[in-house]
Amino acid sequence: DDYGGGDDYDYDYDYDNDDAAADVALGAWELDLRVCWAADVIAPILSAARAIAERDDVRLTTRVDDDLPGVSVDERALQESVSNVIDNALKFVHLRHFVGG
């Protein structure tokens, strides 16, 4: 999917990733592993990222295969990981554009 639109720079759609990562590193957060479908788990993250990309006039292309098998994963941890990657990518695109890249 391709998306674009908008002006403001605000990427606060993630799930407080820094605190969660610190909790996992310190052992304060136990993983809740369940069998799920990754596409379903990351769908809300991709939806939020698309809205932000559209607002900021950034073309965001995503592809999630329909035939991915179920995986044993902590849904929140997967969402946070994907959110971090997309958040960093959108920030990099914004900074590159701002600097004149």
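Residues numbered from 1 in each chain as written. Predicted model: local features only at pLDDT ≥ 70, side-chain atom pairs only at ≥ 80, totals over all residues. Heavy atoms only, no water.

Q: Sorry, what's going on with the overall build of the protein here?
A: A count of helical and extended segments in the protein gives three helices and two strands. From first element to last, N terminus to C terminus, the protein shows the α and β order α-β-α-β-α. Expressed as a percentage of the 101 residues in the protein, the buried residues total 30%. Once local pairs closer than 6 in sequence are excluded, the contacts in the protein between residues at least 24 apart make up 92%. Working note: accessible area of the protein is about 6900 Å², and carbon and sulfur atoms make up 51% of it. (Helix = DSSP H or I, 4+ residues; strand = E, 2+ residues; numbered from the N terminus. Buried < 20%, exposed > 50% of the residue type's maximum accessible area, 1.4 Å probe, protein only. Contact = heavy atoms within 4.5 Å. Areas by Shrake-Rupley, 256 points an atom, 1.4 Å probe, with all protein chains shown as cover.)

Q: Would you mind going over the environment of Ile42 with me for this structure?
A: Summarising the element assignment, Ile42 is placed in helix H2 (residues 38-55). Counting along the chain gives 37 residues from Ile42 to Gln79, while the straight-line C-alpha distance between them is 5.7 Å. Setting aside its immediate chain neighbours within four residues, Ile42 contacts Val64, Leu78 and Val82.

Q: Looking at this structure, I do not really get H2. What am I missing?
A: Working note: α-helix, 3.6 residues per turn, so residues spaced by three or four point in the same direction. Look at H2: 26 Å from first C-alpha to last across 18 residues, which is about the 26 Å you get at 1.5 Å a residue. Looking at H2, one finds that the buried residues are Ala38, Val41, Ile42, Ile45, Leu46, Ala49, Arg50, Ile52 and Ala53. (Expected span 1.5 Å × (residues − 1).)

Q: Just to check I follow, could you spell out the nonpolar core for this structure?
A: What tends to happen in soluble globular proteins is that the nonpolar side chains get buried as a cluster. Membership of the largest hydrophobic core comes to 16 residues, with the highest contact counts inside it found for Ile42, Ala53, Leu78, Val82, Ile86 and Leu90. Contributing elements (two or more residues each) for this core: H2 and helix H3 (75-99). Not counting residues within four places of it along the chain, the set of residues in contact with Leu78 comprises Ala38, Val41, Ile42 and Val73. (Core = buried A, V, L, I, M, F, W, Y, C linked by side-chain atoms within 4.5 Å.)

Q: In this structure, what is going on with the pattern of salt bridges? I would like to understand it.
A: Pairing of side chains with opposite charge becomes possible as their charged atoms draw close. Under the criterion given, the structure shown has five salt bridges. Between Asp32 and Arg34 there is a salt bridge, with its nearest N and O atoms 2.9 Å apart. Relative accessible area serves as the criterion here: at 47%, Arg34 is assigned to the partly exposed category. Residue Glu80 pairs with Arg76 through a salt bridge whose shortest N-O separation is 2.9 Å. On the criterion of helical spacing, the pair formed by Glu80 and Arg76 is a turn pair, its members being four residues apart in helix H3. For Glu80, a relative accessible area of 5% corresponds to the buried category. For Arg76, a relative accessible area of 41% corresponds to the partly exposed category. (Salt bridge = Lys/Arg side-chain N within 4 Å of Asp/Glu carboxyl O.)

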